[in-house]
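Architecture at a glance
Chain by chain, the residues:
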Amino acid sequence: MKKIKDKPQESEDLLLEKDRLWQPRIVAFLCNWCSYAGADLAGTSRIKYNPQIRIIRVPCSGRVNPLFILRAFIDGADGVLVSGCHPGDCHYSTGNYFARRKFALLKRLIEFCGMDERRIHFSWVSAAEGSKWSQVVNDVVNAVYQAGPFTGFDLPVFSKETEIETPADLCKQGPERFAYSIDLMSRTGKK
Amino acid sequence: MARIGVFVCWCGSNIAETVDVKEVAKYAGCLPGVVISIDNKYMCSDPGQRLILDAIQKEKLTGVVVAACSPRMHEVTYRRTVAQIGFNPYMLEMANLREHCSWVHPDKRMATEKAKDLVRLMVEKVKRNQPLYNVQIPVTKKALVIGGGIAGIQAALDIAQGGYEVILVEKSPSIGGHMAQLDETFPTLDCSQCILTPRMVEVAQNTRIRLYTYSEVEAVDGYIGNFQVTIRKKARSVDIKKCTGCGQCIQKCPTKTKSEFDAGMGIRKAIYVPFPQAVPNKPVIDRDICLKFTKDRCGACQKVCPTGAINYEQQDEFVTEDVGAIICATGYELTETHIYPEYGNDPDIISGLQFERLVSASGPTLGELKRPSDGNAPQSIVFLQCVGSRDPLAGRPYCSKICCMYTAKHTMLYRHKVHNGKAYVFYMDIRAGGKNYDEFVRRAIEEDHAIYIRGRVSRIYRKGEKLIVLGADTLLGAQVEIEADMIVLATATVAPKGIEKLAQMLGVSYDLHNFMCEAHPKLRPVETNSAGVYLAGACQAPKDIPESVAQAGAAASKVLGLFGQKELSREPIVAQVNQSTCAGCFTCKEVCAYKAIEIREIKDKKGNLIKFVAEVNKGKCQGCGACAATCRSNSIELCGFTDSQIFSQINHLTDGVTIEEPPGEVPMDAEETQGVSEETEKERLIEKPALAGQKVKN
Amino acid sequence: MTKYAYYPGCSLHSVAKEYDLSMKAVCRALGIDLIEIPDWICCGSSPAHTTSHLLSLALPISNCIWAENQGLDIIAPCASCFSRLKIANLEIKKDGKIRQKVNRIIEEEYKGTVDILNPLQLFNRMDMHGEIKNLVKIDMSGIKVACYYGCLLSRPGDIAGEDDCEHPKKMDQIITTIGASTCDWQCKTECCGASLAITQPKVAFRLVCEVLNSAMENGADCIAVACPLCQSNLDMRQSEVSDHLGKDIHLPVVYFTQLIGLAIGINQEALGLKHLITAPFSLFEEKCNLSMAIAKG
Amino acid sequence: MKWALNQNTTDDGFVARVEKTSGQNISSCYQCGKCSAGCPVCRDMDLAPNQIMRFLQLGIRDTVLASRTIWLCASCQTCSIRCPQIIDLARVMDSLRIISQRKEMESAPNDWQSLLAGIWNRFKESMIYILQMDARSNLRCFNHIFLDSIHYYGRVFEPALIFNYNINSGYLFSNFLKAPVMLLKSKIKFLPVEVRRRDKVQKIFERVKMMEREEE
Ligand SMILES: Cc1cc2nc3c(=O)[nH]c(=O)nc-3n(C[C@H](O)[C@H](O)[C@H](O)COP(=O)(O)OP(=O)(O)OC[C@H]3O[C@@H](n4cnc5c(N)ncnc54)[C@H](O)[C@@H]3O)c2cc1C
Ligand SMILES: Cc1cc2nc3c(=O)[nH]c(=O)nc-3n(C[C@H](O)[C@H](O)[C@H](O)COP(=O)(O)OP(=O)(O)OC[C@H]3O[C@@H](n4cnc5c(N)ncnc54)[C@H](O)[C@@H]3O)c2cc1C
Ligand code: SF4
Ligand code: SF4
Ligand code: SF4
Ligand code: SF4
Ligand code: SF4
Ligand code: SF4
Ligand code: SF4
Ligand code: SF4
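Below is a short write-up of the structure. All of these numbers come straight from a predicted model, not from anything done at the bench.

A short note on the overall build of chain B
- Each helix and strand in chain B was counted, giving 19 helices and 34 strands.
- Taken over C-alpha atoms, the radius of gyration comes to 33 Å for chain B, far larger than the 26 Å a tight globule of 698 residues would show.
- Referenced to the eigenvectors of the C-alpha coordinate spread, the extents of chain B come out at roughly 95 × 70 × 70 Å.
- Looking at the 698 residues of chain B, the share that counts as buried comes to 56%.
- Taking all contacts inside chain B whose residues are at least 6 apart in sequence as the whole, residues at least 24 apart take part in 69%.

Observations concerning the interface of chain C and chain B
- Each side of the interface is counted separately: chain C has six residues, and chain B has six residues.
- When chain C packs against chain B, the two sides together hide about 520 Å² of surface, and 48% of this comes from carbon and sulfur.
- Looking only at chain C, the three residues that lose the most surface to chain B are Glu166, His167 and Gln186 of chain C, adding up to 76% of its buried area.
- Between Glu190 of chain C and Arg459 of chain B there is a salt bridge; the shortest N-O distance is 3.0 Å.
- Counting across the chain C and chain B interface gives three residue pairs in polar contact (both at pLDDT 80 or more).

Quick notes on the interface of chain D and chain C
- If you look at the interface, chain D gives 59 residues, while chain C gives 60 residues.
- Both sides together, the interface formed by chain D and chain C hides about 5,600 Å², and carbon and sulfur atoms give 57% of it.
- Where chain D meets chain C, there are three salt bridges.
- Glu166 of chain C is paired through a salt bridge with Arg82 of chain D; the nearest N and O atoms lie 2.7 Å apart.
- The interface formed by chain D and chain C holds nine residue pairs in polar contact (both at pLDDT 80 or more) in total.
- Elements supplying a minimum of two residues to the side of chain D that touches chain C: helix H5 (69-72), helix H6 (78-82), helix H7 (89-101), helix H9 (136-153), helix H10 (158-169), helix H11 (178-184) and helix H12 (198-215) of chain D.
- No other element matches H12 of chain D, which puts eleven residues into the side of chain D that touches chain C.
- Classifying every residue of the side of chain D that touches chain C by side-chain character gives 28 nonpolar, ten polar and 21 charged.

Some remarks on the sheet that holds strand E27 (residues 486-491) of chain B
Residues and elements named next belong to chain B.
- Spatial strand order, E20-E27-E21-E22-E23: five strands in an open sheet with parallel pairing. This sheet does not close on itself; its edge strands, each paired only once, are strand E20 (349-351) and strand E23 (451-454). Sheet twist, expressed as the mean angle between neighbouring strand axes with direction ignored, is 25°.
- The sheet contact formed by strand E22 (residues 422-427) and E23 spans four bridges and is parallel. In the sheet register, Tyr427 faces E23, and the bridge partner there is Arg454.
- Packing against the sheet, helix H11 (residues 352-359) makes contact with E20, strand E21 (380-387) and E27, and its axis sits at approximately 90° to E20.

Things to note about the packing of helix H6 (residues 96-106) of chain C against H12 of chain D
- Relative to each other, H6 of chain C and H12 of chain D sit at 135°, their axes nearing to 8 Å. Relative to H12 of chain D, H6 of chain C is oriented oblique. Contacts from Lys101, Arg104, Ile105 and Ile106 of chain C of H6 of chain C reach H12 of chain D at Lys200, Ile204, Arg207, Val208, Met211, Glu214 and Glu215 of chain D.
- Grouping the constituent residues of the contact of H6 of chain C with H12 of chain D by class yields five nonpolar, no polar and six charged.

Some words on the packing of aromatic side chains
- Taken as a whole and judged by the stated rule, the model has 19 aromatic pairs over all chains.
- Each ring, one from Phe261 of chain B and one from Phe275 of chain B, has its centre 4.3 Å from the other, and the planes form 15°; the classification is stacked. In this pair, Phe261 of chain B sits in the loop between strand E13 (256-258) and strand E14 (267-269) while Phe275 of chain B sits in the loop between strand E15 (271-272) and strand E16 (284-285), placing the two residues 14 residues apart along the sequence.
- Judged by its relative accessible area of 10%, Phe261 of chain B is buried.
- On the basis of relative accessible area, Phe275 of chain B is assigned to the buried category, the value being 5%.
- Their ring planes at 80° and their centres at 5.0 Å tell us that Tyr340 of chain B and Tyr343 of chain B sit as a pair that is edge-to-face.
- Each member of the aromatic cluster is reached from another via a ring pair, and the members are Phe29 and Phe68 of chain A together with Phe647 of chain B.
- The ring of Tyr272 of chain B carries the charged tip of Arg268 of chain B above its face, separated from the ring centre by 3.8 Å.
- Of note, Lys34 of chain D hangs over the ring of Tyr340 of chain B, and the distance from its end group to the ring centre comes to 4.1 Å.

What counts, and where the lines are drawn
- Residues numbered from 1 in each chain as written.
- Chains lettered and ligands numbered in written order.
- Predicted model: local features only at pLDDT ≥ 70, side-chain atom pairs only at ≥ 80, totals over all residues.
- Heavy atoms only, no water.
- Helix = DSSP H or I, 4+ residues; strand = E, 2+ residues; numbered from the N terminus.
- Rg over C-alpha atoms; globule rule 2.2 N^0.38 Å.
- Buried < 20%, exposed > 50% of the residue type's maximum accessible area, 1.4 Å probe, protein only.
- Contact = heavy atoms within 4.5 Å.
- Buried area = accessible area lost by both parts, 1.4 Å probe.
- Salt bridge = Lys/Arg side-chain N within 4 Å of Asp/Glu carboxyl O.
- Polar contact = N/O pair within 3.5 Å; in protein donor to acceptor, adjacent residues only side chain to side chain.
- Nonpolar A, V, L, I, M, F, W, Y, C, P; charged D, E, K, R; others polar.
- Pairing = 2+ DSSP bridges.
- Axes fitted to C-alpha atoms, helices over the stretch in contact; angles between N-to-C directions.
- Parallel < 35°, antiparallel > 145°, perpendicular 65-115°, else oblique.
- Phe/Tyr/Trp six-rings, centres within 6.5 Å; stacked < 30°, edge-to-face > 60°.
- Lys NZ or Arg CZ within 6 Å of the ring centre and 35° of its normal.

Note that all results are geometric; they support no functional claim without further evidence.
Following this line, the structure appears as structure tokens:
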């Protein structure tokens with residue numbers, strides 16, 4: 001992504017300095033039955049993790065509208081995490097599959113908008129995985145920290161020279177690539 | 001104007017140690033809309049709860065935020081408390097300062113900052129809460145059991161025993177299922193008929209059980225407590241009321257075919273009773289082969305019937321029944337016998353079920369073991385396990401569970417009939433996990449001298465009188481070739497053909513192999529994700545009789561538990577459609593796993609149809625919110641987790657962010673909505689093509 | 001006239017020249033135009049695929065280029081060539097990376113549009129049964145043929161095409177079309193061990209014994225094959241087999257194209273019957289009332 | 001019982017290599033034995049095909065590579081089409097042969113002299129094998145001569161092939177006895193046909209070798 005390339009290499013000191021000035025702000029949407037309970041378990045087990053996370057409880061990861069995520073960025077978040085039950089374990093049987101499909105699409109969109117993909121995360125955390133939850137939080141905070149403060153969307157500009165990838169173009173790049181795009185389409189599309 | 005009260009709990013030192021609760025309470029007091037903000041050592045204690053109640057009454061609060069532990073811990077407690085004084089419980093929310101804050105963040109400054117944020121988010125959410133009321137659902141106290149195998153019979157009897165009415169629907173002419181076809185049963189080797197027949201008779205005699213045989217469920221409507229089912233009673237061509245079961249018609253009938261009950265090993269007539277102990281013991285005409293129906297000839301049965309019970313004009317009949325709960329007990333089937341081309345399709349290669357019929361005293365050979373090709377008793381017999389099961393190549397990676405046990409049983413039954421015969425079993429593993437099960441298999445090996453060979457068979461072909469079985473003994477690391485007179489294949493247990501149609505009707509999900517899915521494999525094994533629908537027996541997964549009966553009992557007790565309640569009360573966390581903006585696209589309908597979204601017609605005063613809109617059936621909706629996240633016009637909301645509530649939380653993530661309503665949010669008032677959304681709709685329509693055009697040009 | 005590219009392979013130019021002859025003669029009679037791929041090279045057969053996977057793809061593919069440029073499908077009568085060509089084609093269609101590699105090796109751009117057919121599939125695809133039936137002149141009903149498919153025509157599944165790999169039927173259908181009867185025997189697709197004939201003659205010999213014995217027991221008059229390896233393997237050792245089994249085995253192993261040729265009255269010499277080691281002449285003379293003088297050459 | 005497994009006998013890298021060359025998942029074999037049951041050559045093998053899979057699962061390289069089985073397998077694919085776990089065992093066998101032969105594919109003839117020299121070398125080599133009664137020499141020997149022939153002529157010149165092979169393998173008389181019959185039936189051609197694009201064929205061989213070396 002453009003931003004990663006543009007980002008100058010920073011020295012240790014500078015990073016430390018920045019550490020004091022800036023803390024990433026991360027919103028997490030957790031499903032009530034698995035991930036929220038997992039986070040509760042981290043609490044009851046007193047597993048410490050980074051405090052830069054703000055949890056919003058939803059009944060199911062399938063409730064999370066991709067607009068919530070975009071809106072969170074507009075409203076000042078530097079990173080977003082969505083976490084639900086493991087595939088097959090959804091309390092509502094299929095909600096997390098819908099979530100997965102939506103996010104695959106959203107991720108493409110967000111990459112397209114020039115956003116660093118390290119800002120947006122999805123995970124499966126069960127009610128029994130308190131330590132996994134803390135690990136996920138720390139990983140996410142780290143990743144977002146690496147990405148730096150979110151300053152706005154950065155849409156790519158298409159000049160006449162820039163080639164836009166169409167399925168036909170993908171075809172030319174060989175069947176694997178094409179298969180990938182078809183796969184992606186089918187995963188994000190309807191059942 | 002919102003009047004919010006905030007109550008910050010210390011939880012002794014649990015919260016207060018790492019979160020400056022005083023500061024949080026002070027901060028909360030300054031938030032717009034908050035009229036009172038207090039902290040207390042134990043909010044959940046009696047005095048703590050009293051604080052809340054007093055504040056509600058004194059300050060005329062419209063919303064409450066309790067900043068304490070996890071809502072999964074005490075939300076119910078607090079909601080119940082406030083409900084006592086007539087405050088709508090759904091106007092209360094909790095901020096999780098303990099599990100999600102004080103216990104996990106040691107840094108007091110950071111933890112306090114986070115606590116403030118969490119409280120602020122909840123205050124903003126609760127401002128947008130709406131009073132909600134529990135959904136009350138009446139219950140029809142009558143149950144439907146689909147499938148009259150041992151599982152269905154047991155469930156029906158248990159429910160009737162509990163004092164409620166049961167309707168039992170069986171698609172074949174008699175109840176009994178597969179168990180009726182078995183000879184003796186593992187692990188005790190008692191006679192299947194002897195233990196099953198009394199139960200079948202009990203069903204017939206029980207006044208609380210209404211039996212529909214030769215019938216199928218045609219449609220299922222409604223939801224837990226209130227199902228309407230349509231049952232098709234297939235035309236039997238025999239008036240059950242008049243028929244005495246004398247059987248003269250059967251004797252006279254000239255048309256024969258292979259008997260399904262005898263698994264194709266015996267024959268039956270065109271007018272038939274599937275087996276002597278059938279319930280009801282009244283014949284039925286198979287219209288596919290009866291000469292009257294195929295060639296308009298014969299009519300012998302009608303001529304001979306002393307009571308005039310035969311009625312060729314009979315039509316399929318439809319009856320509708322209201323029931324409160326449904327138990328699905330549709331059982332299993334075996335795959336076709338000759339599924340492996342490399343095994344060929346010799347008549348002396350039969351399935352386990354056919355073997356049961358061949359050795360059964362009530363079977364076509366009256367219990368004499370005769371092989372199909374020439375009627376001789378097989379002197380050597382080979383049993384193959386896992387045929388079509390545990391076989392990804394055949395598309396079934398799962399274990400059929402019952403065949404290890406019944407194969408062991410078959411070797412015993414065989415040896416009891418042919419004392420000097422040789423019984424070989426090709427197996428991969430012996431799965432005999434059950435009370436007295438492994439002992440049973442050992443008995444087959446040690447006492448009845450069945451020869452167990454560990455390996456699969458690759459090929460079977462005929463050589464004269466004999467069938468050559470080419471297999472491997474992987475323990476020896478060698479090939480084995482056995483000359484057999486007869487071969488019995490333990491073919492895979494599969495879901496009945498076309499059962500997915502019934503599953504869809506019931507709203508029950510089914511797995512890759514069309515077995516019905518339980519709500520949770522360990523903790524809710526008889527419930528389904530469709531409230532009020534339960535599973536019993538082999539329709540859920542391959543099962544033997546003890547397990548089927550146990551599950552049937554469990555399902556019946558669930559039904560009895562449901563019927564024991566006066567009315568069902570459900571949390572009001574359900575979806576709601578704004579029908580003025582709903583475009584009728586029904587995308588929501590597709591994502592709803594519970595089939596809770598229905599199609600409603602909107603008509604004007606004259607009764608002309610204006611449009612179709614979505615409507616949520618509150619009985620079925622489980623409150624997942626998938627629909628709300630999917631609707632493109634934001635016309636469907638999940639009560640308690642509305643877009644407006646969630647957006648407000650997102651909106652107040654960072655301090656000092658201007659508070660504005662996000663675009664696309666549904667305003668509270670439906671009247672206003674229409675105008676706005678129509679406009680935006682127009683804008684979109686105009687803009688879209690232009691945008692698209694531009695992109696291509698660039 | 002339907003045109004096909006023709007890949008005879010090494011065998012059809014040497015040990016199996018009668019297959020080549022009869023195939024061409026039958027196709028001529030049926031109006032199928034076979035154009036031999038110019039300057040073809042060996043497909044590598046099993047030594048290639050047991051030595052190097054890439055080699056086993058590159059050798060066959062380098063022969064397909066010409067056909068692709070001409071827009072023709074390839075007929076490969078030798079079962080081994082057919083199998084190698086078909087497998088290479090399937091693999092290249094499935095895996096883009098492999099295709100790129102192979103294209104680099106052969107220094108040409110091969111897209112994988114060519115379809116590879118063996119004669120059984122060819123006759124089936126063009127639905128030649130009616131036409132063959134119309135051309136039949138000789139009454140073949142007296143002979144009972146054991147159709148032998150062997151490994152290479154029946155396995156793996158995607159090679160066999162629409163035919164069932166355990167119970168293939170295509171050759172039987174053709175043989176019944178020309179009026180002869182076929183027998184149901186269990187060795188139809190059993191391996192004859194041809195690939196071991198040279199390296200492990202003892203093993204191959206055992207397998208040959210089994211196949212011949214089974215054909216004999218099931219009352220076959222001759223064995224029909226569509227593979228030069230099977231043919232020579234089953235044909236060459238019959239005297240030893242007779243000694244070994246202690247019974248007289250005399251089962252002509254003929255190419256099914258030769259049988260078609262005979263039935264539709266193609267010039268006997270053009271069918272190369274004289275090249276068969278186990279002489280079939282008396283069989284045809286007795287059971288079909290044919291004078292075989294010309295064929296004997 | 002034979003001793004088989006300890007930490008010195010296992011080699012996970014080998015399993016990974018077999019999996020890569022064959023594209024098959026070795027651990028998916030559940031040892032049902034259906035492959036061995038249908039294998040036409042099983043009774044001549046020292047390890048049944050399913051045992052080869054088992055040794056592979058445990059990573060016991062040397063036993064697998066020393067086994068006669070991999071050289072006896074006729075590539076008939078019976079196992080592959082019937083394996084319930086959809087393992088292409090014939091391909092696994094192929095890979096084992098490929099791996100075992102890889103080293104020896106180096107030298108290749110480019111003229112008559114070196115072709116002869118090659119044959120002579122193989123003769124010496126195979127005599128050693130014969131003296132050691134090693135079965136695998138036969139197939140290897142055959143493969144080399146076959147491929148050399150393609151390499152040199154572009155096609156297989158069968159009479160020379162069988163002749164060479166018989167000299168080399170020591171089965172001097174086995175198929176040689178057939179020669180008169182074959183001559184009689186005029187099945188044998190006396191002169192090899194050379195393809196015109198011989199250089200191209202040679203390039204194919206070279207590039208394959210190059211790419212395979214790259215891959216290692
Ligand atoms: C060869 C063999 C031997 C066995 N031996 C033993 C043994 O010794 N001991 C033991 O414990 N178990 C044994 N079993 C297993 C035993 O048969 C099953 O455990 C038992 O029958 C399961 O009962 P069920 O009621 O769930 O299903 P089923 O017996 O299959 O009954 C299902 C019923 O539902 C009906 N039905 C299906 N679809 C519909 C529909 N859409 N509408 C209405 N009705 C429908 C069917 O007609 C049938 O009557 C054996 C099984 C086999 C195959
Ligand atoms: C190592 C291991 C791993 C397992 N893993 C799994 C798994 O992954 N999945 C799975 O499904 N199952 C698993 N199981 C099996 C599972 O543990 C049991 O199925 C399950 O716990 C049985 O529950 P229970 O209530 O019948 O018995 P228990 O869990 O034993 O409960 C019986 C209770 O009764 C109490 N009690 C005993 N006697 C008396 C008395 N006289 N008066 C009053 N109270 C009494 C005991 O104190 C105990 O609390 C595992 C078992 C083991 C040993
Ligand atoms: S003859 Fe009449 S009364 Fe008797 S069994 Fe038949 S239908 Fe019933
Ligand atoms: S009318 Fe039909 S059922 Fe009755 S006797 Fe005749 S064939 Fe049998
Ligand atoms: S129960 Fe036994 S025979 Fe049946 S599939 Fe399972 S392992 Fe195989
Ligand atoms: S005792 Fe336990 S480990 Fe042994 S077979 Fe039974 S279930 Fe498996
Ligand atoms: S998705 Fe929205 S617009 Fe479409 S039917 Fe459902 S509620 Fe109406
Ligand atoms: S909330 Fe879930 S269950 Fe309720 S209607 Fe929407 S999708 Fe269906
Ligand atoms: S048939 Fe397949 S699964 Fe069975 S032992 Fe052979 S390789 Fe393993
Ligand atoms: S491919 Fe090899 S291992 Fe498999 S069955 Fe044939 S000879 Fe045996």
